[in-house]
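# Fold and contact review
The primary structure of each chain is shown beneath.
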Amino acid sequence: MTSIRSIRMLSILLLAFSFIAPPSSSHSQQRKDIEKEINALLARMTLEEKLGQLQQLDGEGNGNFRPEHRDLARKGLLGSTLNVRGAQKTNELQRIAMEQSRLKIPLLFGFDVIHGYRTILPVPLAEASSWDPAVAERSASIAAAEARSSGVHWTFAPMMDIARDARWGRIVEGSGEDPYLGASFARARVRGFQGRDYSAPDKVLACAKHWVAYGAAEAGRDYNTTDMSERTLREIYFPPFKAAVDSGVGTLMSSFNSLNGVPASANPFTLTHVLRGEWKFDGFVVSDYTAVQELINHGLAANEKEAARLALNAGVDMEMVSRNFNQHGPDLLRNGQLSQATIDEAVRRILRIKFRLGLFEHPYADETRERSVILSPANAAAARELAARSMVLLKNERETLPLSKEVKSIALIGPLADDQQDLLGSWSGDGHATDVVTLLTAIKAKVPSATKINYAKGCDINSDSTEGFDEAVRVARESNVVIVAVGESAGMSGEASSRSSLDLPGRQLDLVKALRATGKPLVVVLMNGRPLTINWIAENTPAILETWFAGTQAGNAIADVLFGDVNPGGKLPVTFPRSVGQEPLYYNHMNTGRPPNANEKYTSKYLDLPWTPLFPFGYGLSYTQFRLSNLQLSATRIRPDGRLIVSVEIENTGKRAGDEVVQLYIRDVAASVTRPVKELKGFERFTLRPGEKRRVEFALTPEHLGFYNPEMRFVVEPGEFKVMVGTSSADEHELVASFEVQK
Ligand code: BGC
């Protein structure tokens, strides 16, 4: 094992180095050494042992492994598990692989650590609302440290599917609708999970998922088919994945959906041509849960043997849960339907990552470390700060917010006001509801003890009963201010949680109406995993705070914002429609030949509602005000390979310190294919003191200005470009300029 140890040290250096410098000759020597080590292993492996590396099996729901796993690990017929976790449990199974198997190849323990392991951070859509990738990076690094201490090597995250349709429940797991924002967050999360070296005791291997176009499920129904042009794939759905691969992500997960007739888990174009050929990805691809088996339902494979053949030959390396690679691999090889080289290549990719994870040298978790890392006070403090940074102030008339801590009495009402479980959101890792600070608990801790807090649940999240309304109205009448916490349950978004309505479920809207009728100052706190159609609330209540599902410290973070200890600065990473009938609704759409015009019937709009969103992408308010001015471009003409600097001044014109997100959009006015009306190409979140002014600069390069032309070549075409700088995608005060690209 000494050579393996030295290779590991080399691989650490190599990974660290790869972030700061192009590959050097010693770097490639180190890579060669790992490959040599893998070749030596491959030469000793039987076919069964090779196929064993390609198999991932599920543990039990409580984190235990299954009895069968012992036997498979002993025989070298298991490469990885999912959901097995806890230092002691993973060590027990790992010991079997390391001490009793012939080749002593370590097992790889995977788990869905999506927004926290035990300390639960805001759901990913919330973190994207911070428009601050550093939020996601810190969050992922907290999750990584806790998970690794608990024996988890590999997270099935980040999820980076672009989602343009709020019906799709998994919109909560990603960064929203925009490829540029999505790529920024993909990079940040990969950095947060993997760091410079994912063999470190506080880092995990990341998995970019779901490759690809899963977020475009037709009608927003989970697992549904997607069909789109190669241009849309490359320009909208690929960029976060490309960013992840360029950031060194070690694995990808092939998705459930069919893509233009070829399921993504058997798609040679995406899995091999693009990923390996164009992007030079050298990690491995795991199928999503039983996605290989599901090739039969898709109607691509006639039976399990064909499913294995199609997935392996297309470029899936590891099969999650179903066992077709293992069961049919030998037969396929005998019949010549699968080559030895294909199997060896899949094994090679998996072993490569096991080496990079340092598992050959450090296969075990440190059980004492686990106790000090999990749910540490530092992690709780960070969770609170990051959650507050992720909230979006949607409305604040007459400065209803922030609330004074000196108010005599507060009514706190709503099914989510004292809820623990739902605040964890979907995919809450090993999070415990009992760890969650509710809004009620947090407000009690925030205000002086003399302040009276009148709590009433009012109604359930999703039932027809209005029994609790009378009490809710009574406590509202007795109080100086009313806060109502409404939204969805955690289970209403996430996997297999598509909705055909985006309304507040149950009788919650009626509850808000009843409270509004009391005439008391009313603050609506939303907790939800997707955009909701809240038209009545938007029109009739003075203050709305979008908090998503904010995690273990949700209550504290919300109270920090409501009472002004934190000035909210988040922005929506997704469009909020007025009606589900507008979906898919997104800001970066193409124009039509008949752009909407309220005064002309034969234009692109609806008879029964405006075409515009309720709240646009990029929108969010603050307790202070900002003004943008003095937009400047470094040139009025550039060459196609040129670069342009856009700069603008941002000033805090209000009375409090606060954050604003300056957003740069472009439009290619006329091109060989139609271009979006607006595309985000730069953003930055700033904190400014009252009266403070700062000049902000963004660079526009060919990477920002280019697109795929009719021949599917990425080009920057000559012609006029519009530059728009604002504080949302539909900012009436946005500043506009233009420049020309000239040959
Ligand atoms: C989900 C994946 C997840 C996997 C393992 C699947 O059902 O689609 O996102 O990583 O299960 O839990």
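Since the structure is predicted, the reported quantities are computational estimates derived from the model, not experimental observations.

## Comments concerning the packing of helix α9 (residues 230-237) against helix α10 (residues 239-246)
Running from amino to carboxyl end, α9 crosses α10 at an angle of 55°, the nearest separation of the two axes being 5 Å. Relative to α10, the element α9 lies oblique. When α9 is examined against α10, the residues Leu233, Arg234, Glu235, Ile236 and Tyr237 are found in contact with a partner set consisting of Pro239, Pro240 and Phe241.

## Some words on empty space enclosed by the protein
Scanning the model with the defined rule gives 3 cavities of 30 Å³ or more in all. Quantified by volume, the largest cavity comes out at close to 80 Å³. What lines the largest cavity is a set of 13 residues, among which Gln53, Ala73, Gly76, Ser101 and Ile105 lie closest to the centre. Across the lining of the largest cavity, the residue classes tally to 8 nonpolar, 3 polar and 2 charged.

## As for the pattern of salt bridges
For the structure shown, the criterion picks out 53 salt bridges. The shortest N-O distance in the salt bridge between Asp246 and Lys242 comes to 2.8 Å. Of this pair, Asp246 and Lys242 both sit in helix α10, separated by 4 residues, roughly a single helical turn. Under the relative-accessibility criterion, Asp246 is labelled exposed at 52%. For Glu488, the salt bridge identified is with Arg530, shortest N-O distance 2.6 Å. Of the two residues, Glu488 is situated in the loop between β14 (481-487) and α20 (508-516) and Arg530 in the loop between β15 (522-527) and α21 (535-540); the sequence distance between them amounts to 42 residues. Given a relative accessible area of 0%, Glu488 falls into the buried group. Through salt bridges with shared partners, one network takes in Glu35, Arg276, Asp317, Glu345, Arg348, Arg349 and Arg352.

## Digging into the site of the ligand
By nearness alone, 13 residues border the ligand, and Asp112, Arg170, Lys209, His210 and Asp288 come closest of all. Between the ligand and the protein, one listed contact pairs an oxygen atom with a side-chain N or O atom of His210 at 2.7 Å. Coverage of the ligand by the protein chains reaches 94% of its 310 Å² of free accessible surface. In the shell around the ligand, the residues fall into 7 nonpolar, 1 polar and 5 charged.

Calculation notes
- Residues numbered from 1 in each chain as written.
- Predicted model: local features only at pLDDT ≥ 70, side-chain atom pairs only at ≥ 80, totals over all residues.
- Heavy atoms only, no water.
- Axes fitted to C-alpha atoms, helices over the stretch in contact; angles between N-to-C directions.
- Helix = DSSP H or I, 4+ residues; strand = E, 2+ residues; numbered from the N terminus.
- Parallel < 35°, antiparallel > 145°, perpendicular 65-115°, else oblique.
- Contact = heavy atoms within 4.5 Å.
- 1 Å grid on protein atoms, 1.4 Å probe; cavity = no way out; pocket = protein on both sides within 12 Å on 5 of 7 lines; lining within 4 Å.
- Points joined across faces, edges and corners; volume = space filled by probe spheres on them.
- Nonpolar A, V, L, I, M, F, W, Y, C, P; charged D, E, K, R; others polar.
- Salt bridge = Lys/Arg side-chain N within 4 Å of Asp/Glu carboxyl O.
- Buried < 20%, exposed > 50% of the residue type's maximum accessible area, 1.4 Å probe, protein only.
- Near = heavy atom within 4 Å.
- Polar contact = N/O pair within 3.5 Å; in protein donor to acceptor, adjacent residues only side chain to side chain.
- Areas by Shrake-Rupley, 256 points an atom, 1.4 Å probe, with all protein chains shown as cover.

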